[in-house]
Each structure stands twice: as C-alpha cells, then as structure tokens.
Amino acid sequence: MAALFMLQMVQSKYHIISITGLNGISKEPELRNLTFSNWNNGSFQDSLNAYIDFNFGFRPVFVRLYNELQYDLFKKPHGRGLVLGKNNILFEKWHIDEYLGTTYAGEDKIKYAVKKLQIVRSYLKEHNTELMILIAPGKPYYFPEYLPDYYQVNDSPNNYTTYSKYLKESDLPVLDVNEWFVKLKGQIEQPLFTQTGTHWSEFGARLVADSLIKFIEGTFNRPMNQIHISDTEWSYNLRKTDNDLEKLMNIYSKVNHEKAAYAIIKKDSAIDQKDRPSMVVIGDSFFWNIYDGVLSDAFNKISYFYYYSTIYSPDFKSDTKVKDICVYCYLEKQDLVIMLFSPLNLGYLRFALIDDYYEEVKTPDKKVMDSLKIIYYHRMQQSDKWMNLIREKAKQRNISVDSMMWRDADYMAKKNFREEIN
Amino acid sequence: MVFSSILFTLFFLPLFLIIYNLTPKKLKNFTFLVFSLIFYAWGAPVFVFILTASTIANFYLVQWLYNIDEKRKKRLVAGISIFINLGLLAYFKYANFFVENVNMTLSALGWQHVEWTRVALPIGISFFTFQSLTYTIDVYRRIHSPLKNPFDYLLYIIMFPQLIAGPIVRFESIADQLQNRRETNDERLTGFYRFVIGLAKKVLIADVLGMEVNRVMEMDFHLLDSTTAWIGILAYTFQIYFDFSGYSDMAIGIGRMVGFKFPENFDNPYTAKSITDFWRRWHMTFTTFMRLYLYYPLGGNRVSTKRRLYFNLVFVFFVSGLWHGASWNFILWGLIHGLFLILDRVFLLRFIKKSGAFFGWLYTFFVVVLAWVPFRVEGINNSMLFYRKMFEFNFSSLYLQFIQNRELFVILVVAFFISILTLSGFGTKLQHIFYKTGISNKQHPAYFSVALVLFILCIATLAGSGFSPFIYFRF
C-alpha cells in the first residue's frame, strides 16, 4: 500500500510514465486555500477531495479499466448521456428525449418563436441580409429501429415535428436535413450517421455542404462555387467526429462497427473571393465538421456563433462572446445568416437573435424610454396595491423602495414596447 | 473523510501506515491519536474540540471514580459520567426530534411553538458515546482498571478505524492492546486483505445498489409499481448489509494492520432462521452492548413474569431503534423487531423448529426485508404507502427494468448469493478461506494477488464512477 502511495504520488507530480489522457470535457476542480474559515465550513476538504479525485496518479488507467469492465460485462457505456442501442449504435440520451417528446416546449411557444423569426428576417432583408434555417438531423430519427427496447416510442408531438410544421408554413427558407436524411437512408450506400458518432457522418456533412450551396443558389438566386463529391473512400479507421461517442467511452477496446465512407471532394473556384457571399452560422456542434474548410471556396468569409455564445470568426479575437458584441450591427453587414440546429437544440430558435432584436434593434431612443418610465413611476405612486408589492420586492432584494420602483418602471416600459412590436 | 475514497485509500491511510511504522514504539499511540484527530477534524472541525474536552473530562472523572471506596459516592460519580456522555448524545442527536414533537403537540393544542435553532449532528457520536459508556461502566464494575494516560483514553475513543461506524469496541476487550500489542508482517498483510474485502463490499456492491435505492426513494411513491418497490427495498436490504459490514471489515482490517484486534460485527445475518438468530448475527457489538449494559441491568431473561420479560425486550428495542436515528421511523423499525422477538418466545421458535430450517430462513428474511422499509423511507405515511405499493402485485415493468439496468440485477443476485453463502457447507468453507487468519508464508502470495486485484478494481470503480465528461463544451 505504501508502495502504491509513493508510486502514484510521483506519477501525479512528475508524470514519469506517459499515459494517454481521457477524452471528453470535464472541469478541473479548483483547490481552495487552507484557511481557518475554509476548513471550518468544509469547503477546503471538499475541494481537496475533488482535486485529488481528478489528479491522482494513473487516474486515466483506472477510469479506462472501470469503463471497459462496465462495457464488457454490462454493455454500459460510460460518458455523460451515452446510451448503447442495438447493433452497437451509440446515442446521446438527450437526443432520444427530444425524439420521444419528453422535452417538448409546447405548440404555442414554438409558433410564437417562428413568428418572431419572421420579423427578424424582415429586418435583416431591409439590410440585404438573408436569413435561413437549416435543421440538422437527429440520430434517433435516422436509426429509430436501433433504439433500446426500454424506450417506448409513441405518437407524442416533439419539438422537431412542431418546428418543422410551422417553419414550413412560414416564409422562412428552410433546409430540413433531418427529413432529407431519413428519406435518403437506404437509397445510398454511404451511411449518413456512423454507429459511434453523434453528428452526421463526415460523408453526410459533405453531402450537406453540397446541398447547402445548391439551396443558397436556388433560393437566393446567388451564383456560388460548387463542391463535387467525385469519389468515396471506405475505411474502418474512423476520422474526426465519426467516433466521438466511442472516444467519450474511454475504453481500451474498440466498439465493433461497420466501415465509414469519406467523400473525395473537388471544389470550383470560378467565382472570385470578393464576389462570394459572407456567412454567419448560428448553430450547434453539427456545423463543426462543415467549418473545416470544405466551404472555404464557396464563401468569402464564414463566422460561426457556436451555440450563440462563443464566436469563431476572422473578424473577432478568439474567445469573443456573442454577448459582448452588437449582434445586429454585425449581421447587417453579412450576406447570409444561417440558423443551424439539430432537433435537440431547436429551442435556440426561441431566443437566439430574438432577444437581441428587441434590445439592439427595437429599443427606441432614450428620450422615449425615459418618458415611458416616468409615466409608470407615477402610476405606481398612485396605486396602493402596486406600492405594497414594490415594498415587498425591495425588502427581498435588500434595496431601497425608490430603486425598486425605477426597476419596475424600466421593465414595464420595455414590456409595453415589446407588446407593441408583437 | 470516507474510507471508500481516493483521498483515504491512496493518501491518508498509506501515509498513516508509513509514519506509524517508522515511529518508535513509545510514540505509536501518539501518532495514531494525531491521525485520528485529523481524521475527525476533517469532517467535524468544531466538534473535535468538544469531543476532546469531554473525553479528557470523562477520563479524570473515571479515574476519580476508580479510587472511591464508598459505594454511594462511587455510584454518584459513575452517574455523573454517564449523564455527561448521554447528555451530549441527547443534545446533539435528539434535541431536534424532541423539540419537533413538542411543537407538534403544542400546535395540536393551539399553543405557540417553542423557538429552536436546529443542532447539527456530529459524526460518529452514537458510536463513541457507547464506547465511552463501556469505559465508565467497566471501570465502575471493576472489570478493568482505568487507563493511566489521558491520551491513551482519547485514542481509544477517537481512533479513526472504528470511530464513524463501529464496531463498538468495549473497553475491556481493548484495554491491554492499548499498551501492548503484537505487530507482525503476517498481521499487517492479513489486515490489508480484510480491509480490501471491506472496501470491495462497499464499493463494488453497496454503492452500486445504493444508486438504485436513491433513485427509487426519490420517486413519488404514488407512481411506484410493485416491481420498483421490491427492487428498491431488496437493493436496500443488501446495500445496508454490505455497506455496514464492509465498513466493519475495513475497520477490523486497519486495526489489524496496527496490531489491534477488534471484535467481529457481522456473522452472515441473512442466513438467520429466526429474528432471535438474526440479532445474534447483525451488528453484534451493538447487541452485546445493549445486552450487557441495558438488558441485563433491567433483569434480562431472569425476571419473575413473562410480562416483565416482554417489556424488557420492547424497551431495549425501542432504545435500539432510537439509537439508530432520531425519528419515529427508526423507533417503528426497532419495535417491529422487538415484537417478533416476543413472538419468537411466545410460539414462533417452536413453530419454526417444527416447520424446518428453510421455512425459518425464508420467514426471517421476509420479516427483515419488510422491517427495512420504515428504516429507509422517510415518514410513517410514506412507509405505509410504500408497503401498499409492494403488495399491489403489479410486476409488469420487470422485464423493461431488467434490460435497462442489467448491472443492478447482476449485483443484486451476487449480493444475495454472497449473503446466504454459508447456508451451505461449501459456502462456510469458502468464507473461512477468505477470512482466514494465521496465513502461512506459502499462501500469502495467492492471498496478496487476489487482494491486489480486488483493490485495483475498487480504485478503478472509485475513479470511474465519478467521471462523467461532456462530449463538447456547450457555451
């Protein structure tokens, strides 16, 4: 035991034996300072426990051993949300939940979100910026027959079916890749999802890139440099995101899987860079395997607002966040905005761009808003019921009654204004 | 600090063993004491001072008690010592419960509540209070003379292997070992094997079952079906056994590594063929304490009437239930067992003898499982609802639950078979092999290899079960 102690202490400090790290994202715990207060309230002890759990020597070896045993003995893949379906097909639990309608937002909210997106589209069109929606595919839609038996599939509505319905009824340009992939399955040899990836396969992504260019050309009447899939390479060695779920399992053995297809691409470059459109993609992780250069000859610039949070763009420093920029100021200068989300993340359509629209675009000038606030402030003073509510809220927030009145007045002014817009 | 953590198994314990073994014999107890104080202060940074002060005070009280000749004065001083120990327990463990019940009564009468700030429960208080009591009472009864050194006494009370979850070590059984104990490589290795068995029971079985138990117990019981209810309570039946006996094994193992021989705490309780038999096998150090320090002073079996005998049994089990936790649920659990002990004496033991060993085992297991319901489920009403759900006999979800969680079912079956292994002769032999002491040099390599493999599996489980990465950043 003492020998084990010494060995793992030396390893954790000096990493004498080279060990491959674990795949996946987990936050390294912060070690708190040893002070009387931190000891007394237990925060030092908890932080040291978590720190040691994360950093002890040979940890990756032990984690992989545990994961391997769990998989071999119980067919239980370890990794946040991993579900092993039939035929060794890996799913993420939250994609399944969406498919089954467990996370359904409700028809009214979705209908309302689509209406607001139409308003956003009209605004952007005034500035010669096009907006379109691309619905990425969900793996449970593509492989429903491989879901584990304990998932009881029924006819309950889900976010995808409702969004798809209302988006298509609207005037928003929509490329529904989810529907397209399901239709294409079985018609082409190349798999559009791999057994071990959560996103469209690399081949599927190339197909989407090709289709996206054609869709843009056709819908917005804009000539584009095309990409062509000239050939397919087959391989058991999966590349990039084709086995991201398998990597997350962190096991020693390999999951049995079929060959994956890799497209050999030819790109046109007839249209000069200056004549190519600029694009902003607001999307989830599905865009990553298109944002790897395959579209570089079709667009003059691509900016990626990852989950409408972090920006990847030649126009901004790395680590720039969406909340730190004037979103509409930037979008107005682009040719195309694509909102690209898989069924799981269609909820982003309810707030991405929309909240900023009201903040940045539709907030009237300061004089108007100040006048509205004063009106509401006076109305509060004349209502006993309202003032009682204000006093209670002020007490809870530990602020003065007057400050609370101005806060409420500000809220009422903005709400009143938004209702006018709607 | 829990035994089943990376911090304890790969850092605290090895560091303690290294330093302890390098320390000269004269200072070993002091080293052990320092590490025990750190261990306790880790979880109870403030209470460690109260514990230390009350323990030192009790040491001097009992020293004085030992030197008193006059019977009345001796009894008074013993009474003061017992009062201080039980007083601390009563305050920290039962004051909240007492005030809650007073306030409930006052509410029912339409009177104003008593204002009260809830008191935090210091870890291990039930165990070290009982150990403290055995010290006072064993010295009072002149079973053993008191310790000469207050630090040795503090060590006896606070030594970390058995501080949190027992076994309850009576002073008389350990007094001589505090001054004089045998530490050999053979004992160290045997201790290590025992520790690993305990760790495996806790990490590979109890914790796995515990996850399912928590899931079931957090559900709305109105939505439970019989499958889920039975799986939940069976999982708990084995979780509590493997957790508790695992901790005892670890405590006994660590004790052995430093030369202490702690008493056994479990003897295959789920092979019991009556409730009477169950209590000879379950938490044996606790039953011994209750028998010697409560049941016998009440008269035990040697009372003049059956009514008094039954009262003694009910009272002892009322106190047993209360000792386990400050709530009516634990009292109910204790009373269920008390009732069946009475029934054993009235007719059940004779009936079981006639019906055969298998029937005796089956009925005992069934009663014990049912009694665990109020022990685990919060609230009497919820316990009754849980019982109702168990006996609705709706098992339609059994197959779906099995395919969704194969690991649980495998561990349940493994736990069941390990628990009843010694019902067969083969099982008893196997147990002797695993728990063997006096292992020869030729046999140590085999034992060490198995222990090492188990130890690695446990560390892997501790490391892996806490690791749940995201696939990508989501911000």
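Conventions we followed
- Residues numbered from 1 in each chain as written.
- Chains lettered and ligands numbered in written order.
- Predicted model: local features only at pLDDT ≥ 70, side-chain atom pairs only at ≥ 80, totals over all residues.
- Heavy atoms only, no water.
- Helix = DSSP H or I, 4+ residues; strand = E, 2+ residues; numbered from the N terminus.
- Buried < 20%, exposed > 50% of the residue type's maximum accessible area, 1.4 Å probe, protein only.
- Contact = heavy atoms within 4.5 Å.
- Areas by Shrake-Rupley, 256 points an atom, 1.4 Å probe, with all protein chains shown as cover.
- Lys, Arg positive; Asp, Glu negative; His and termini not counted.
- Charge placed at Lys NZ, Arg CZ, Asp CG, Glu CD.
- pLDDT = per-residue confidence, 0-100.
- Disulfide = S-S within 2.5 Å.
- Polar contact = N/O pair within 3.5 Å; in protein donor to acceptor, adjacent residues only side chain to side chain.
- Domains from an automatic or database assignment.
- Expected span 1.5 Å × (residues − 1).
- Phe/Tyr/Trp six-rings, centres within 6.5 Å; stacked < 30°, edge-to-face > 60°.
- Lys NZ or Arg CZ within 6 Å of the ring centre and 35° of its normal.
- Buried area = accessible area lost by both parts, 1.4 Å probe.
- Salt bridge = Lys/Arg side-chain N within 4 Å of Asp/Glu carboxyl O.
- Nonpolar A, V, L, I, M, F, W, Y, C, P; charged D, E, K, R; others polar.
- Axes fitted to C-alpha atoms, helices over the stretch in contact; angles between N-to-C directions.
- Parallel < 35°, antiparallel > 145°, perpendicular 65-115°, else oblique.
- Left-handed = near helix turned anticlockwise from the far one by under 90°.
- Patch = residues over 30% accessible without salt bridge, like charges linked within 9 Å, V, L, I, M, F, W, Y side chains within 5 Å.
- Pairing = 2+ DSSP bridges.

A. Geometry of the overall build of chain A. When helices and strands are tallied, chain A shows 16 helices and 10 strands. The dimensions of chain A, computed from C-alpha atoms along their principal axes, are 75 × 70 × 45 Å. By residue count, 51% of the 422 residues in chain A fall in the buried class. For chain A, the proportion of contacts with a sequence separation of at least 24, taken over those separated by at least 6, is 70%. About 20,800 Å² of surface is accessible on chain A, with carbon and sulfur atoms providing 51% of the total. In chain A, the 53 positive side-chain charges and the 54 negative ones have mean positions that sit 4 Å from each other.

B. Focus on the confidence of the model for chain B. Averaged over chain B, the pLDDT score is 91; the fraction of residues at 70 or greater is 99%. On the interface metric, ipTM, the complex scores 0.88, and its pTM is 0.85.

C. Just the state of the cysteines, in detail. Residue and element names in this part refer to chain A. Inspection of every chain in the model, using the stated rule, returns 1 disulfide over all chains. What pairs with C326 in a disulfide is C329, and their sulfur atoms sit 1.9 Å apart. Across the disulfide from C326 to C329, rotation about the S-S bond amounts to roughly 65 degrees, and the bridge is consequently right-handed.

D. Looking closely at the side chain of S201 of chain A. Residues and elements named next belong to chain A. On the secondary structure map, S201 appears in the loop between α9 (177–184) and α10 (202–220). Given the relative accessible area of 1%, S201 is considered buried. Within the structure, S201 has its side chain in polar contact with the backbone oxygen of P191 (distance 2.9 Å).

E. Representation of the domain arrangement of chain A. One can read the domain layout of chain A as domain 1 (2–57), domain 2 (86–361) and domain 3 (366–421). The distance between the C-alpha centroids of domain 1 of chain A and domain 2 of chain A comes to 39 Å.

F. Representation of helix α4 (residues 59–74) of chain A within the structure. Over its 16 residues, α4 of chain A runs 22 Å from end to end, which matches the ideal 22 Å to within 8%, given 1.5 Å per residue. Within α4 of chain A, the full set of buried residues consists of R59, P60, F62, V63, R64, Y66, N67, E68, Q70, Y71 and F74 of chain A. Looking at the buried side of α4 of chain A, the elements it contacts are α3 (43–55), β1 (82–84) and α11 (244–249) of chain A together with α18 (406–420) and α20 (444–465) of chain B.

G. Focus on the packing of aromatic side chains. Inspection of the entire model under this criterion finds 115 aromatic pairs over all chains. Measuring from centroid to centroid gives 6.1 Å for Y236 of chain B and W372 of chain B, while their planes differ by 85 degrees, and the two rings are edge-to-face. Here Y236 of chain B is found in helix α10 (residues 226–257), whereas its partner W372 of chain B is found in helix α15 (residues 357–376), with 136 residues between them in sequence. Comparing Y236 of chain B with W372 of chain B shows no difference in burial state: the two are buried. For the cation-ring pair, R239 of chain A lies above Y262 of chain A, with the distance from its terminal atom to the ring centre recorded as 4.1 Å.

H. Spatial organisation of the interface of chain B and chain A. Every contact between the two is made by 41 residues of chain B and, on the other side, 50 residues of chain A. Where chain B abuts chain A, roughly 4,300 Å² becomes buried across the two surfaces, and 72% of that area is made up of carbon and sulfur atoms. Among the ionic pairs, K76 of chain A bridges to E407 of chain B, the shortest N-O distance being 2.5 Å. Connecting chain B to chain A are 5 residue pairs in polar contact (both at pLDDT 80 or more). Among the secondary structure elements, those contributing two or more residues to the side of chain B that touches chain A are α1 (6–22), α2 (25–43), α9 (185–217), α17 (398–404), α18 and α20 of chain B. Sorting elements by how many residues they give to the side of chain B that touches chain A places α1 of chain B first, with 10 residues. Considered class by class, the residues forming the side of chain B that touches chain A number 31 nonpolar, 7 polar and 3 charged.

I. Expanded view of the domain arrangement of chain B. Residue and element names in this part refer to chain B. Domain parsing of chain B yields domain 1 (6–180) and domain 2 (186–474). Averaged C-alpha coordinates put domain 1 and domain 2 at centres separated by 25 Å. Taken together, the contacts link 35 residues of domain 1 with 38 residues of domain 2. Contact between domain 1 and domain 2 buries roughly 3,100 Å² in total, counting both sides, with carbon and sulfur atoms accounting for 75%. Of all residues in domain 1, F97, F130 and P167 give up the largest surface area on contact with domain 2, accounting jointly for 18% of the area buried on that side. Applying the counting rule to domain 1 against domain 2 returns 0 salt bridges. Between domain 1 and domain 2 we count 12 residue pairs in polar contact (both at pLDDT 80 or more) in total. Where the side of domain 1 that touches domain 2 is concerned, the elements lending two or more residues are α1, α4 (71–108), α5 (125–140), α7 (160–163) and α8 (171–179). Here the side of domain 1 that touches domain 2 gets 9 residues from one element, more than from any other, and that element is α1. In terms of residue class, the side of domain 1 that touches domain 2 is made up of 23 nonpolar, 8 polar and 4 charged.

J. Spotlight on unusual backbone geometry. With omega at 5 degrees, the peptide bond leading from G166 of chain B into P167 of chain B counts as cis. Its place among the elements puts P167 of chain B in the loop between α7 and α8. Here the phi dihedral of Y308 of chain A falls at roughly 50 degrees; this positive angle occurs in a residue that is not glycine. On the secondary structure map, Y308 of chain A appears in the loop between β8 (301–306) and β9 (310–312). Notably, F393 of chain B is not glycine yet its phi reads approximately 55 degrees, a positive angle. Position of F393 of chain B among the secondary structure elements: in the loop between α16 (380–390) and α17.

K. Inspection of the pattern of salt bridges at higher detail. Inspection of the entire model under this criterion finds 36 salt bridges over all chains. D324 of chain A is the partner of K323 of chain A in a salt bridge, and the nearest nitrogen-oxygen pair spans 3.6 Å. D267 of chain B is the salt-bridge partner of R281 of chain B, the closest N and O atoms lying 3.9 Å from each other. A residue pair is termed long-range when its members are at least 10 positions apart, and R281 of chain B in the loop between α11 (275–278) and α12 (284–295) and D267 of chain B in the loop between α10 and α11 qualify at 14 residues. Judged by its relative accessible area of 17%, R281 of chain B is buried. Using a relative accessible area of 33% as the deciding quantity, one classes D267 of chain B as partly exposed. Each of R121, K125, E130 and D171 of chain A takes part in salt bridges that share partners, so that together they form one network.

L. Region of interest: the packing of helix α3 (residues 47–66) of chain B against helix α6 (residues 150–158) of chain B. All names here are of chain B. At a minimum axis separation of 9 Å, α3 and α6 run at an interaxial angle of 125 degrees. When the interaxial angle is binned, α3 and α6 end up oblique. The hand of the α3/α6 crossing is right-handed. Between α3 and α6, the contacting residues are L51, T52, T55, I56, N58, F59 and Y60 on the first element and P150, Y153, L154, I157 and I158 on the second.

M. A look at a nonpolar patch on the surface. Residue and element names in this part refer to chain B. On the surface, a nonpolar cluster with roughly 490 Å² of combined accessible area is contributed by F366, F391, F393, F395 and L398. Relative to the elements of secondary structure, L398 occurs in helix α17. With a relative accessible area of 41%, L398 lands in the partly exposed category.

N. Examining the sheet that holds strand β4 (residues 174–176) of chain A more closely. Residues and elements named next belong to chain A. Ordered in space as β4-β3-β10-β7-β8-β9, the 6 strands form an open sheet in which the pairing is mixed. Of all the strands in the sheet, just β4 and β9 have a single pairing partner and so form its edges. Here the strands of the sheet are splayed against their neighbours by 20 degrees on average, with no regard to which way each runs. Judged from the 3 bridges that link them, strand β3 (residues 130–135) and β4 form a sheet pairing that is parallel. In the sheet register, I133 faces β4, and the bridge partner there is V174. With respect to the sheet, α9 is in contact with β3 and β4, its orientation differing from that of β4 by roughly 35 degrees. Sheet contacts for α10: β3, β4 and β10 (336–341); angle to β3, the most-contacted strand, approximately 145 degrees.

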